[in-house]
Amino acid sequence: MNIFFLIIGMGMCALVLLCLYRVTFGPNVLNRAAGLSAVGTKTLIILLLMGVIYDRVEMFVDISMVYALLNFLGTLVLAKYIKQSGEVEC
Amino acid sequence: MIRESQDVIVKTLARLLVPFIVIYALYVVMHGHHSPGGGFQGGVILAASFVLLAISHGLDKIRQRLSEKTAGILSSLGVFIYAGIGLLCLLLGGKYLDYGKLSKLLSVEPAQARSLGILGVEIGVALAVMAVMCLIVFTIFSFDEDSGGDE
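Residues numbered from 1 in each chain as written. Chains lettered and ligands numbered in written order. Predicted model: local features only at pLDDT ≥ 70, side-chain atom pairs only at ≥ 80, totals over all residues.

### What to know about the overall build of chain A
- Secondary structure assignment for chain A yields three helices and zero strands.
- Listed N to C, the secondary structure of chain A is α-α-α in terms of helices and strands.
- A globule of 90 residues ought to have a C-alpha radius of gyration of about 12 Å, yet chain A, at 16 Å, is considerably larger.
- If you line up chain A on its principal axes, its C-alpha atoms span 50 × 25 × 15 Å.
- Burial status across chain A gives 4% buried among its 90 residues.
- For chain A, the proportion of contacts with a sequence separation of at least 24, taken over those separated by at least 6, is 51%. (Helix = DSSP H or I, 4+ residues; strand = E, 2+ residues; numbered from the N terminus. Rg over C-alpha atoms; globule rule 2.2 N^0.38 Å. Buried ≥ 20, exposed ≤ 12 C-beta atoms within 10 Å, placed from the backbone. Contact = placed C-beta atoms within 7 Å.)

Written as structure tokens, this is what we have:
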């Protein structure tokens, strides 16, 4: 069963690379913000999969909840900054 | 200067989310010696709830709840709790932060006194970290209003 979760985790890592492409070469800053948010969500899933593989889910659930909270907050602050700086119409 | 957000989604989400964030931060502080977390991490999560309120409801409303002066007093209070528990152990005949000596004061067994002492120290750390993080964030957010005359 661990092999199954390991393969899912490796697939998630490949998807993180795809999102990282959008963050690096995104045409404007809104695409980059959305890509960063997607990378954060995928990192959260990878953390939970690591918890399942190492057989300590109850520990990794705590960490991933904090990660989800800070990811949401970071995206919100970034959106606020982009709106107030006035570089992009939104 | 961070103004109040006009978006009803952001405001409602922040209002619904903040109580859960605070309860989770208290869980991280209280459960720090069994699971990942502790005083510093709990304090940062508590400060995150203030940041969320500041960017959704405007900085002015948050300053009414937690002004810079209150934050300074709270940070000093946190350091005082930490150092006070350490010095109390020193006065009761142990080493600095030797919580086992608190058992005479709390009239419990030494093992339980150690657990309670660590909890008290972590509450102090959480208070100090929360207040200092809020101070840093408020200072960054209100940067342009202080230097408004120069520009």
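### Overview of the packing of helix H4 (residues 68-91) of chain B against helix H6 (residues 110-141) of chain B
Residues and elements named next belong to chain B.
- One can describe the packing of H4 onto H6 by two numbers: an axis separation of 8 Å at closest approach and a directional angle of 155°. Classified by the angle between their axes, H4 and H6 sit roughly antiparallel to one another. Taken as a pair, H4 and H6 cross one another with a handedness that is left-handed.
- Here the contact of H4 with H6 is built from residues that sort into 17 nonpolar, six polar and one charged. (Axes fitted to C-alpha atoms, helices over the stretch in contact; angles between N-to-C directions. Parallel < 35°, antiparallel > 145°, perpendicular 65-115°, else oblique. Left-handed = near helix turned anticlockwise from the far one by under 90°. Nonpolar A, V, L, I, M, F, W, Y, C, P; charged D, E, K, R; others polar.)

### Concerning the packing of helix H1 (residues 2-25) of chain A against helix H2 (residues 29-53) of chain A
Residue and element names in this part refer to chain A.
- Contact pair H1 / H2: the axes reach a minimum separation of 9 Å and the direction vectors enclose 165°. Compared by their axis directions, H1 and H2 come out roughly antiparallel. For the pair H1 and H2, the crossing hand works out as left-handed.
- The class makeup of the residues in the contact of H1 with H2 is 18 nonpolar, four polar and three charged.

### Focus: the environment of A:Cys19
All names here are of chain A.
- With respect to the helices and strands, the residue Cys19 is situated in helix H1.
- Classification of Cys19 as partly exposed rests on a count of 18 C-beta atoms within 10 Å.
- Here Cys19 is in contact with Gly35, Ala38, Val39 and Lys42, once residues within four sequence places are set aside.

### Quick notes on the interface of chain B and chain A
- Across the boundary between the two partners, chain B contributes 11 residues, which contact 11 residues of chain A.
- Elements with a contribution of two residues or more to the side of chain B that touches chain A: helix H1 (8-30) and helix H2 (39-57) of chain B.
- For the side of chain B that touches chain A, the element with the most residues is H2(B), which contributes five residues.
- For the side of chain B that touches chain A, the residue count by class is nine nonpolar, two polar and no charged.

### With respect to the confidence of the model for chain A
- Scored by pLDDT, chain A comes out at a mean of 89, with 98% of its residues at no less than 70.
- Predicted confidence in chain A is weakest over helix H3 (residues 57-85) of chain A, with a mean pLDDT of 88, and strongest over H1(A), with 93. (pLDDT = per-residue confidence, 0-100.)

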